[in-house]
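Here is how the chains run, residue by residue.
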Amino acid sequence: MSARPTPPFRADHVGSFLRPKRLLEAREKKAKGELSAAELRRVEDECITEIVKFQEDVGLKSITDGEFRRTYFHIDFLEQLGGVKTDIPVTVVRPDGTEELAPPVMRVIDKVKHAKDIQLADFQYLKSQIAPGSTAKVTIPSPTMLHFRGGRAGISREAYPELEPDFYQDVANAYGDELRSLAAAGCTYVQMDDTNLAYLCDEKMREAARQRGDDPNELPHRYAKFINLVVAQKPAGMTLAMHLCRGNFKSTHAAAGNYEPVAEALLSEMKLDAYFLEYDDDRSGDFRPLRYLAKGKTVVLGLVTTKFGEMESKDALKRRIDEASKYAPIEQLCLSPQCGFSSTVHGNNIAVEAQRNKLKLVVETAREVWGD
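No experiment lies behind these values; they were computed from the predicted model shown.

What counts and what doesn't
- Here the residue numbers are simple positions, counted from 1 along each chain's written sequence.
- The predicted nature of this model means local features are confined to residues of pLDDT at least 70 and side-chain atom pairs, given and counted, to a pLDDT of 80 or more, with totals for whole chains, interfaces and linings taken over all residues.
- By convention in this description, side-chain values take in all heavy atoms of the structure and omit both hydrogens and water.
- Put simply, DSSP marks the helices as runs of H or I at least four residues long and the strands as runs of E at least two long, and each gets a number from the N terminus on.
- Here the radius of gyration uses the C-alpha set of atoms, whereas the globule reference equals 2.2 Å times the residue count to the power 0.38.
- In this description, contact between two residues means that some pair of their heavy atoms is separated by no more than 4.5 Å.
- Surface accessibility in these figures is a Shrake-Rupley result with a 1.4 Å probe; residues are shielded only by whichever protein chains are displayed.
- Put simply, a salt bridge is a Lys or Arg side-chain nitrogen that is within 4 Å of an Asp or Glu carboxyl oxygen.
- Partly exposed residues are those whose accessible area sits between 20% and 50% of the maximum for their type, while under 20% is buried and over 50% is exposed, using a 1.4 Å probe and protein chains only.
- Counted as a polar contact is a pair of N or O atoms within 3.5 Å, where, for protein atoms, one must be capable of donating a hydrogen and the other of accepting one, and residues adjacent in sequence contribute only when both atoms are in side chains.
- Arc, as used here, means the arc of the directions from the helix axis to the C-beta atoms.
- Pairing between strands is defined by DSSP: at least two bridges between them are needed.
- Helix axes are fitted only over the stretch in contact, all axes being lines through C-alpha atoms; the angle between N-to-C directions runs from 0 to 180 degrees.

Draft legend 1. Up close: the overall build of the protein chain. Counting secondary structure elements, the protein chain contains 11 helices and 12 strands. Computed over the C-alpha atoms, the radius of gyration of the protein chain is 19 Å, within 12% of the 21 Å expected from 2.2 N^0.38 for a compact globule of 372 residues. The dimensions of the protein chain, computed from C-alpha atoms along their principal axes, are 55 × 50 × 50 Å. Counting contacts in the protein chain only where the partners sit at least 6 residues apart, residues at least 24 apart contribute 78% of the total. Entry remark: accessible area of the protein chain is about 14,900 Å², with carbon and sulfur atoms responsible for 50%.

Draft legend 2. Up close: the pattern of salt bridges. With the rule as written, the count across this model stands at 22 salt bridges. Of the charged contacts, one joins Arg69 and Glu44 as a salt bridge, the two residues approaching to 3.1 Å between their closest N and O atoms. Here the residue Arg69 occupies a position in the loop between β1 (62-63) and α3 (75-78), and Glu44 occupies one in helix α2 (residues 37-58), the gap between them amounting to 25 residues. Like Arg69, the residue Glu44 is buried in the burial classification. Among the charged side chains, a salt-bridge network with shared partners connects Arg27, Arg41, Glu44, Asp45, Arg69 and Asp122.

Draft legend 3. Spotlight on the side chain of Glu278. With respect to the helices and strands, the residue Glu278 is situated in strand β10 (residues 274-278). By relative accessible area, Glu278 is classed as buried at 0%. In this structure the side chain of Glu278 is engaged in a polar contact, spanning 3.2 Å, whose partner is the side chain of His243. Each residue touching Glu278, except ones within four places of it in the same chain, is listed here: His243, Leu244, Cys245, Arg246, Tyr259, Ser284, Gly302, Gln338 and Cys339.

Draft legend 4. Layout of the environment of Leu23. Structurally, Leu23 is set in helix α1 (residues 21-31). Here Leu23 falls in the buried class, since its relative accessible area comes to 0%. Between the C-alpha atom of Leu23 and that of Glu44, which follows or precedes it by 21 residues, the distance is 6.6 Å. When sequence neighbours within four positions are dropped, the list of residues in contact with Leu23 reads Leu40, Val43, Glu44, Cys47 and Phe68.

Draft legend 5. Summary view of helix α7 (residues 203-211). Buried residues of α7: Met205, Arg206 and Ala209, and no others. One face of α7 carries all of its buried residues, which in axial projection span an arc of 105°. Facing away from the buried surface of α7 by more than 90 degrees, the exposed residues are Lys204 and Gln211. The secondary structure elements touched by the buried residues of α7 are α6 (196-199), α8 (219-231) and α9 (260-269). Backbone geometry just after α7 places Gly213 at a positive phi near 95°.

Draft legend 6. Spotlight on the pairing of strand β7 (residues 138-141). Side-chain alternation along β7 places Val138 and Ile140 on one buried face and Thr139 and Pro141 on a second face that is also buried. Note that β7 and strand β8 (residues 189-194) share 4 bridges and pair parallel. When the bridges of β8 are listed, Ile140 appears paired with Met192.

Draft legend 7. Focus on the pairing of β8. The buried fraction of β8 amounts to 6 of the 6 residues, a majority that puts the element mostly inside the structure. Along β8, one buried face is formed by Tyr189, Gln191 and Asp193 and the opposite face, lined by Val190, Met192 and Asp194, is buried too. Note: β8 against strand β9 (residues 239-244), 6 bridges, orientation parallel. In the strand pairing of β9, Asp194 is matched with Leu244.

Draft legend 8. Region of interest: the sheet that holds β7. Reading across from one edge, β7-β8-β9-β10-β11-β12 is the order of the 6 strands in this open sheet, with parallel pairing throughout. Both outer strands of the open sheet, β7 and β12 (333-337), are each paired with one neighbouring strand and no more. The average undirected angle you get between the axes of adjacent strands in this sheet is 25°. In the packing of α9 onto the sheet, contacts are made with β9, β10 and β11 (298-304), and the angle to β10 comes to roughly 150°.

Draft legend 9. Broad picture of the environment of Thr298. Tracing the chain through its elements places Thr298 in strand β11. For the pair Thr298 and Asp166, spaced 132 residues apart in sequence, the C-alpha separation works out to 31 Å. Among residues more than four places away in sequence, those in contact with Thr298 are Arg4, Pro8, Asp273, Ala274, Tyr275, Gln332 and Cys334.

Draft legend 10. Spotlight on the environment of Asp65. Locating Asp65 in the fold gives a position in the loop between β1 and α3. It is 17 Å that separates the C-alpha atoms of Asp65 and Ala183, two residues lying 118 residues apart in sequence. Here Asp65 is in contact with Ile48, Ile51, Asp122 and Leu126, once residues within four sequence places are set aside. A distance of 2.8 Å separates a polar atom in the side chain of Asp65 from the backbone nitrogen of Glu67.

Draft legend 11. Broad picture of unusual backbone geometry. A cis geometry characterises the amide bond from Pro7 onward to Pro8, with omega recorded as -5°. Note that Pro8 resides in the segment before α1. Located in the positive-phi region is Glu67, a residue other than glycine, with phi close to 60°. Within the fold, Glu67 resides in the loop between β1 and α3.

So, in structure tokens, the structure goes:
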């Protein structure tokens, strides 16, 4: 089977990496007023240069900045949209002693607009660091993050007396402006990170949606229309993908459940190019939902966990890829870790060397399965 010339690649990844100690220290100094914004950015630049080389050394073709300039995968982006305010998240300690990030609510307090180019400067630095033959990937939060957490109550009635069509179109237009600014700078690969569709696979999350006044059976189809408003503005030549995340704060998870409740809306109705789906353990269910995958689209199977250092085996990964290919053609499949290694600045419970070994495992397994 021939190699894929465009993303997603047979061996791909979600994008975030463990933060180096000196970057964490620099962030702390900046928070205390001991370091300027320009000085922090210089440290970020140095660390990003190193993480780019790290990715290329292990054989990845899609290269990110590790999300090294962010504290949270979503807040840092969404709070820069005009009309959006985010509440600071808090850490909740579960009865068993593990921690979970209580998600912040994104509140829309005015008309949503693209007030400025959000990722442009970051992308330009990333692009300047990658080697020929590599592809720079930008990761941003999904636009559904502005609706699901707070529902109707989280969106100003003064700004949006009705959500349709103005709210969804305004958000899509803001995302379209961002995508166009990136494309003009040479960006060809963007991934939107979405927790909400994954959460709609979990009955407790579905009940929470009901309590907010939403129908969890209707929401995936509404979100498909929402995402398609963004896709309609995607620049020519750009791959637009979505990663579904079940929670990834300090190696914990927030949701479980088979993809069946959202599969048709996700894989058939959404006009995205690719999907990163988490399949690292039993929480994700079986591969039957892949039967909805439309022709011309790609699913990247997240079979390698980023939460813990225990290594998967190549044989087990190959068996699971073979199982998935019973429901979707193998030429429409790729392989990746299930999530990033550090969706928030805190990082997962995994060592840097295990991070390297897991990525090498993905690259080597993909090469043996697809010849890429």
